[in-house]
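# Examination of the molecular architecture
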Amino acid sequence: MKAVYTAAHLAHDVTYETYLGQPLPANEISERAELIRQSLQGDGGFSFVAPTDHGEAPITAVHDPGLVRFLESAWADARREQLDVPYLVADTYPTIKLYEGMSPDFAAAQPAPEAVAGALGWWGLDTSNPIVEGTYGAARAAVDVALTTVDLVLGGEQAAYGLCRPPGHHAARSMAGGYCFFNNVAIAAEAIARSTGERVAVLDVDYHHGNGTQQIFWRRGDVFYASIHADPMRQYPFFLGHGHERGEGDGQGENLNLPQPAGLTNDGYLAALDRVLEAIAERPGSVIVVSLGFDTYGRDPIGDFALTTPVYHEVGRRVAATGRRLVILQEGGYYRPALGDNAVAWLRGAESRPLA
Ligand code: SP5
Ligand code: ZN
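From a predicted model like this one, the values you see are computed outputs, not experimental measurements.

### Remarks on the overall build of the protein chain
When its secondary structure is counted, the protein chain shows 11 helices and 10 strands. Radius of gyration (C-alpha) of the protein chain: 19 Å, near the 21 Å computed for a compact globule of 356 residues. A principal-axis box enclosing the C-alpha atoms of the protein chain has dimensions of 55 × 45 × 40 Å. Sorting the 356 residues of the protein chain into buried and exposed places 55% on the buried side.

### Structural notes on the site of ligand 1
Neighbouring residues of ligand 1: 14 residues in total, closest H170, G178, H208, D295 and Y334. Side-chain polar atom of D295 to an oxygen atom of ligand 1: 3.0 Å apart, as the coordinates give it. Between ligand 1 and Y334, the relevant distance is 2.6 Å, taken from an oxygen atom to a side-chain nitrogen or oxygen of the residue. Coverage of ligand 1 by the protein chains reaches 79% of its 500 Å² of free accessible surface. Judged by its atoms lying within 2 Å of the grid points, ligand 1 is housed in the second largest pocket. Partitioning the shell around ligand 1 into residue classes produces 6 nonpolar, 5 polar and 3 charged.

### Quick look at the side chain of R32
Among the secondary structure elements, R32 is positioned in helix 1 (residues 30-43). Residues contacting R32, with those up to four places away along its chain left out, are N27, R165, Q330, E331, G332, G333, Y334, R336 and L339.

### So, the layout of surface pockets
Size it by volume and the largest pocket reaches roughly 1,100 Å³. What lines the largest pocket is a set of 23 residues, among which P94, T95, I96, G124 and M175 lie closest to the centre. If you list the elements that add at least two residues to the lining of the largest pocket, you get helix 4 (104-108), helix 5 (116-122) and helix 8 (211-217). Residue contributions to the lining of the largest pocket peak at 3 residues, all from helix 4.

### A word on the coordination of the zinc ion (ligand 2)
For the zinc ion (ligand 2), the full set of protein donor atoms is D206 (OD), D206 (OD), H208 (ND1) and D295 (OD), at a range of 1.9 to 2.8 Å. The motif formed by the donor residues of the zinc ion (ligand 2), counted along the single chain, is D-x1-H-x86-D. Given the relative accessible area of 2%, D206 is considered buried.

### A closer look at helix 9 (residues 266-281)
Spacing of three or four residues puts side chains on the same side of an α-helix, whose turn is 3.6 residues. For helix 9, spanning 16 residues, the distance from its first C-alpha to its last is 22 Å, which sits close to the expected 22 Å at 1.5 Å a residue. Residues of helix 9 that are buried: Y269, L270, A272, L273, V276, L277, A279 and I280. Its buried side turned inward, helix 9 meets strand 6 (200-204), strand 7 (223-230), strand 8 (255-260), strand 9 (287-292) and helix 10 (309-320).

### Description of the sheet that holds strand 6
If you walk across this open sheet you meet the 8 strands as 4-1-5-10-9-6-7-8, and the pairing is parallel. Strands with a single pairing partner mark the edges of an open sheet, and in this sheet they are strand 4 (47-49) and strand 8. When the angles between neighbouring strand axes are averaged without regard to direction, this sheet yields 20°. Sheet analysis places strand 9 next to strand 10 (residues 325-330), joined by 6 bridges and oriented parallel. Across the sheet, V287 pairs through a bridge with R325, a residue of strand 10.

### So, helix 10
Compared with an ideal rise of 1.5 Å per residue, which puts 12 residues at 16 Å, helix 10 spans 18 Å between its outermost C-alpha atoms and is within 8% of the ideal. All of the buried residues in helix 10 are T309, V311, Y312, H313, E314, V315, G316, V319 and A320.

### Overview of the pattern of salt bridges
In total, this model carries 24 salt bridges according to the counting rule given. A salt bridge links R173 to D64; its shortest N-O distance comes to 3.7 Å. Here D64 lies in the loop between helix 2 (57-60) and helix 3 (65-80) and R173 lies in the loop between strand 5 (159-162) and helix 7 (184-196), a separation of 109 residues in the sequence.

Calculation criteria
- Residues numbered from 1 in each chain as written.
- Chains lettered and ligands numbered in written order.
- Predicted model: local features only at pLDDT ≥ 70, side-chain atom pairs only at ≥ 80, totals over all residues.
- Heavy atoms only, no water.
- Helix = DSSP H or I, 4+ residues; strand = E, 2+ residues; numbered from the N terminus.
- Rg over C-alpha atoms; globule rule 2.2 N^0.38 Å.
- Buried < 20%, exposed > 50% of the residue type's maximum accessible area, 1.4 Å probe, protein only.
- Near = heavy atom within 4 Å.
- Polar contact = N/O pair within 3.5 Å; in protein donor to acceptor, adjacent residues only side chain to side chain.
- Areas by Shrake-Rupley, 256 points an atom, 1.4 Å probe, with all protein chains shown as cover.
- 1 Å grid on protein atoms, 1.4 Å probe; cavity = no way out; pocket = protein on both sides within 12 Å on 5 of 7 lines; lining within 4 Å.
- Sits in = over half its atoms within 2 Å of the grid points.
- Nonpolar A, V, L, I, M, F, W, Y, C, P; charged D, E, K, R; others polar.
- Contact = heavy atoms within 4.5 Å.
- Points joined across faces, edges and corners; volume = space filled by probe spheres on them.
- Donors = N, O, S within 2.8 Å, 3.2 Å for Na, K, Ca; no water.
- Expected span 1.5 Å × (residues − 1).
- Pairing = 2+ DSSP bridges.
- Axes fitted to C-alpha atoms, helices over the stretch in contact; angles between N-to-C directions.
- Salt bridge = Lys/Arg side-chain N within 4 Å of Asp/Glu carboxyl O.

This is the structure we're talking about:
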């Protein structure tokens, strides 16, 4: 299988994130992508491809240009304001309750604050998402990794893997969050829909609900979003991801959430997977874009599922057995000792190569 990788992700060099106001060692660190790359290299069954520059247009096809400009300038603006901090995290957020009783148009028409401390909240979801000097360049490169993976698949590969870092599925139209800045998977799905004219399915198997992807395609009939994730009643992103969220307008019925309990086993996971694969099979289209997370692993430090390495091979195998072409893009997964093995297992499953 071809795997798209670039060392440009290293520029998103974070050390700390904040959680409940406390600085803690960051989960989404560069070592993650390097460990996966090393395991794919060691496997011998993958050939590496560098991404090509796809420019900004595919990004603003799903994101507010204001988000792009904010991420591009945040670090330099903070320095100019003499915000002398090692990483940027918001202090104040425009929660929906700030605007309670006011017309929704009123909130929508508020201007983005000029001060970085306010802009961070305006363009962000949560405090666990540090921005550093190299974040923008790395996030742009992750988008190019995703779009180059799309090029490989539309160019004839049955499946290809993009080692995106930073990840993307929490990033919404005008909001970064959850270790994500640009929504790599949504940008890929949009590019496929535009270039093929076909319907596209997004299968999100990260432990967390992909709130950004759901939001971007909420009213779209041409992109089906299906996700298996921790119930938002107990887990981030908390405010989206419930089973009753089915889409609206043209997108009515084209969103499928299967929230899951803590302790979810391999068998429970595969049962949920069969449900979403059935829903995908009911819809036309020849490409699935996969949001691939390994934070479903039993030992993940921020997850609470109980999956083991062999199930990833079976998940990859069942997804490939749909017969659809696969654009497989990396999202989360934070238990570093098993990341490489889990990636190799999933991707070997997706090309029906047995586990060594
Ligand atoms: C792409 C992805 O997987 N994003 C995940 C974002 C999760 N954000 C919340 C992180 C909170 C980490 N707190 C750890 C404390 C556990 N006791
Ligand atoms: Zn996740």
